[in-house]
Amino acid sequence: MTTTRVLGRSGIEVSAIGMGCWAIGGPFFGGDGEPYGWGEVDDDESVRTVHQALDLGVTFFDTSSNYGAGHSERVLGRALAGRRDQVVIASKWGYTFDESRRLMLGTDGSVDYLVRCLDGVLDRLGTDYLDLYQLHLGDLPVADALAMVETLEDLVAKGRIRAYGWSTDDPARAEAFAKAGTHCAAIQHDMSVLNDNADMIAVCEAQDLASLARGPLAMGLLTGKYHGRTTALAADDVRTLSPDWLPWFDNGVATPEWADRVDRLRAALTADGRTLAQGALGWLMARSPSIVSIPGARTPAQAMENFATLEKGALPADAMAEIDRLTP
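Read on for a plain summary of the structure. Keep in mind it's a predicted model, so treat the numbers as computed, not measured.

Overview of the overall build of the protein
Scanning the protein from terminus to terminus reveals 12 helices and 14 strands. Here the protein has a C-alpha radius of gyration of 18 Å; the compact-globule value for 328 residues is 20 Å, and the two agree. In the protein, 71% of the contacts between residues at least 6 apart in sequence involve partners at least 24 apart. In the form shown here, the protein has an accessible surface area of approximately 12800 Å², with 49% of it arising from carbon and sulfur atoms. Looking at the protein, you have 29 positive and 46 negative side-chain charges, and the mean spots of the two groups are 3 Å apart.

What follows is the structure in structure tokens.
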């Protein structure tokens, strides 16, 4: 059973499922008080969660400079201390923040910020290089993104990063960035059994890019534990917002339409004895060899469930066919 994949044209080998580290950053907020974290976390528990992931074969960890206003990187750096050579770390730049106040301040798509932000990323992670550095501003104009390529290539040449990518849901942006940058290796985009972005997968496969599937569990909806829940999530949980990019929850409660779709797929996703979450991750493993999903985890138990999928492997062909039949 293959439990590793290659991170696009970089040649870097990673586990077929990585760990997303947004949630372990803890709460942080926008200037008007809106939440952008997943609520309170215990840092010691987060460290144990990372160690559990490592024990299950996870070698790829994805974070961002602004998750927890820098706190996610600090916790991840602490958890990986002494094991840096065993793992591949991805982070992102583009959002500005005040770490001391746990505040998101705005965005900065300049080349100057690209370099300055990396200094902070490396310091918080406690490392002298980053494996994958990703532009976090998904709707940045293509011309602005392409203006960064020369600097990114210089950072590769200096050994400060090994590869770079873009977190965007736009296939045209992804393709343009990939064609311009020799060491562009990955595109991070929303992808789950509820949202199959076939156009983006086609770009990733054609351009030899890793498809980093964020939201592989639809922000927790594909765990099944929020179905029928009428009590909203905590006020400091980003899922209490209702932006266009988060259709799975409405004011902190699972959206009935999407919960019903999950229930229709449940039997196919769990037919071979998996949990619902393991079925959703197995679907991504089967969907394309370019996909590396990055589910989050806040507790060792969540890590145990999610990353046990590495051993279970891809969903079988008959389950995939049934899901195709049931998917609108």
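Okay, back to it.
Here's the deal with helix 12 (residues 317-326)
Along helix 12, the residues that are buried comprise Ala319, Met320 and Ile323. Along the axis of helix 12, the buried residues cluster in a sector spanning 100°; they form a single face. Facing away from the buried side of helix 12, by more than 90 degrees, are the exposed residues Ala317, Asp318, Asp324 and Arg325. Contacts made by the buried residues of helix 12 are with helix 8 (256-269) and helix 9 (276-287).

Regarding the sheet that holds strand 5 (residues 88-93)
Spatially, the 8 strands line up as an open sheet ordered 3-4-5-8-9-10-11-14, and their pairing is parallel. Taken across any chain shown, the strands that pair with only one partner, and hence form the sheet edges, are strand 3 (19-20) and strand 14 (291-293).

Some thoughts on the packing of aromatic side chains
Tallying each qualifying case throughout the model produces 8 aromatic pairs. Ring geometry for Trp22 and Tyr67: centres 5.7 Å apart, planes at 20°, overall stacked. Highlighted residues: Trp22 in the loop between strand 3 and helix 1 (43-55) and Tyr67 in the loop between strand 4 (60-62) and helix 2 (71-79), separated in sequence by 45 residues. Centroid distance Phe28 to Tyr36: 6.4 Å. Interplanar angle 40°. Geometry classified as tilted. You can call Phe28 buried: its relative accessible area is 1%. In this structure Tyr36 comes out as partly exposed when scored by relative accessible area, which is 24%. The ring of Tyr129 carries the charged tip of Arg84 above its face, separated from the ring centre by 4.0 Å. Positioned above the aromatic ring of Trp258, the side-chain terminus of Arg261 is 4.3 Å from the ring centre.

Things to note about helix 8
Between the first and last C-alpha of helix 8 there are 19 Å, a value that for 14 residues agrees with the 20 Å anticipated at 1.5 Å per step. At Asp263, helix 8 shows its largest kink, close to 25°. Of the surrounding secondary structure, the elements contacted by the buried residues of helix 8 are helix 9 and helix 12.

Quick notes on the environment of Ala23
With respect to the helices, strands and loops of the structure, Ala23 is situated in the loop between strand 3 and helix 1. Sequence separation between Ala23 and Gly33 is 10 residues, and the spatial gap between their C-alpha atoms is 18 Å.

A short note on the packing of helix 8 against helix 12
Running from N to C, helix 8 and helix 12 point in directions that differ by 165°, and their axes come no closer than 9 Å. Between helix 8 and helix 12, the crossing angle belongs to the class labelled roughly antiparallel. Helix-helix and strand crossings are classified by hand; for helix 8 and helix 12 the assignment is right-handed. Contacts from Arg264, Leu265, Ala268 and Leu269 in helix 8 reach Ala319, Glu322, Ile323 and Leu326 in helix 12.

Things to note about the state of the cysteines
Inspection of the entire model under this criterion finds 0 disulfides. Counting only cysteine sulfurs, Cys204 is the nearest neighbor of Cys184, a cysteine outside any disulfide, at a range of 8.9 Å. Its relative accessible area of 0% is what places Cys184 among the buried residues. The class of Cys204 is buried, set by a relative accessible area of 1%.

Thresholds applied
Residues numbered from 1 in each chain as written. Predicted model: local features only at pLDDT ≥ 70, side-chain atom pairs only at ≥ 80, totals over all residues. Heavy atoms only, no water. Helix = DSSP H or I, 4+ residues; strand = E, 2+ residues; numbered from the N terminus. Rg over C-alpha atoms; globule rule 2.2 N^0.38 Å. Contact = heavy atoms within 4.5 Å. Areas by Shrake-Rupley, 256 points an atom, 1.4 Å probe, with all protein chains shown as cover. Lys, Arg positive; Asp, Glu negative; His and termini not counted. Charge placed at Lys NZ, Arg CZ, Asp CG, Glu CD. Buried < 20%, exposed > 50% of the residue type's maximum accessible area, 1.4 Å probe, protein only. Arc of directions from axis to C-beta. Pairing = 2+ DSSP bridges. Phe/Tyr/Trp six-rings, centres within 6.5 Å; stacked < 30°, edge-to-face > 60°. Lys NZ or Arg CZ within 6 Å of the ring centre and 35° of its normal. Expected span 1.5 Å × (residues − 1). Bend = angle between axes of the 7 residues up to and from the residue. Axes fitted to C-alpha atoms, helices over the stretch in contact; angles between N-to-C directions. Parallel < 35°, antiparallel > 145°, perpendicular 65-115°, else oblique. Left-handed = near helix turned anticlockwise from the far one by under 90°. Disulfide = S-S within 2.5 Å.

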